[in-house]
Amino acid sequence: MLNIVLFGPPGAGKGTQSERIVNKYKLVHLSTGDIFRYNIKQETDLGKLAKSYIDKGELVPDQVTIDMLNAEVEKQVNPNGFIFDGFPRTTTQADALDKHMISKGSSITMMLSLHVPEEELIKRLLLRGKESGRSDDTDENIIRNRIRVYNEQTAVAANYYEMQNKYHQIDGIGTIEDIFERLCQIIDKHSTIL
Ligand code: ADP
């Protein structure tokens, strides 16, 4: 299996690039943000819980997120691999993901981290808020809090993959196509199953 963790701060372009990677490499896309938003729309218990954190720009608690993600992984029958988008966001989640993949006789192949400067992120998120109406993208204070949470709690998760020599940083500035090309080059170079 080819299992990719797509990493980066809010607004780095993970969703946009995931779509393209999924089409090219036929992977299953698991976005924790998308799954939470689906649950919020359906007004499930999980959705109600997640909303109370997302509205403040905070992380949903680890165990809730890990259990949900593991259940989504288990739903797939004979996948080619996964692209994890928005997960793991803490070292605890990274460790849980490794353990879950190992229990399936698999592993994480690589982490691809999109690098985008903070002011550019804020610009992109405010624009997305206007277009999509995503409530966590319309308020600059919530956006700044998400970026702070990323810097304080999430960025360290990269070390987890660096220590395993699985970490790759990609410049996330440029056209969507240019960035996709950069990602594909690294995927092709470091994966054996194509
Ligand atoms: P973005 O990357 O633009 O911040 P996402 O759609 O990935 O947006 O996530 C939206 C929100 O969902 C996050 O701000 C957070 O509150 C919650 N969330 C998503 N993934 C996780 C996770 N792995 N752990 C905890 N909370 C999460």
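Student: I'm lost on the site of the ligand in this one. Help?
Tutor: The full set close to the ligand counts 20 residues, and Thr32, Arg37, Glu58, Gln93 and Arg128 are the nearest of them. The separation between an oxygen atom of the ligand and a polar side-chain atom of Lys14 is 3.2 Å. In this structure, an oxygen atom belonging to the ligand sits 2.8 Å away from a side-chain N or O atom of Arg37. Broken down by class, the residue content of the shell around the ligand amounts to 6 nonpolar, 6 polar and 8 charged.

Student: I tried to follow the sheet that holds strand β5 (residues 167–171) on my own but got confused; where do I start?
Tutor: Pairing between the strands of a sheet is mediated by backbone hydrogen bonds and can be parallel or antiparallel. The parallel open sheet is built from 5 strands, whose spatial order is β2-β3-β1-β4-β5. Both edges of this open sheet fall to β2 (28–31) and β5, since each of them pairs with a single strand only. When strand polarity is set aside, the average angle formed by the axes of neighbouring strands in this sheet is 20 degrees. Sheet topology places strand β1 (residues 2–7) next to strand β3 (residues 81–85); 5 bridges connect them, and they run parallel. The residue of β3 that forms the bridge with Leu2 is Gly81.

Student: Could you clarify how one ought to interpret unusual backbone geometry in this entry?
Tutor: Among all residues save glycine, negative phi is the norm, and among peptide bonds the norm is trans. The residue after Phe87, namely Pro88, is reached through a cis peptide bond having omega 0 degrees. Along the chain, Pro88 turns up in the loop between β3 and α5 (91–103). You will see that Glu43, though not glycine, has its phi angle at about 55 degrees, which is positive. Looking at the element boundaries, Glu43 is found in the loop between α2 (32–41) and α3 (45–54). Here the phi dihedral of Asn165 falls at roughly 55 degrees; this positive angle occurs in a residue that is not glycine. Among the structural elements, Asn165 can be located in the loop between α8 (157–162) and β5.

Cut-offs applied
Residues numbered from 1 in each chain as written. Predicted model: local features only at pLDDT ≥ 70, side-chain atom pairs only at ≥ 80, totals over all residues. Heavy atoms only, no water. Near = heavy atom within 4 Å. Polar contact = N/O pair within 3.5 Å; in protein donor to acceptor, adjacent residues only side chain to side chain. Nonpolar A, V, L, I, M, F, W, Y, C, P; charged D, E, K, R; others polar. Pairing = 2+ DSSP bridges. Helix = DSSP H or I, 4+ residues; strand = E, 2+ residues; numbered from the N terminus. Axes fitted to C-alpha atoms, helices over the stretch in contact; angles between N-to-C directions.

Function cannot be inferred from these measures alone, as they are strictly geometric.
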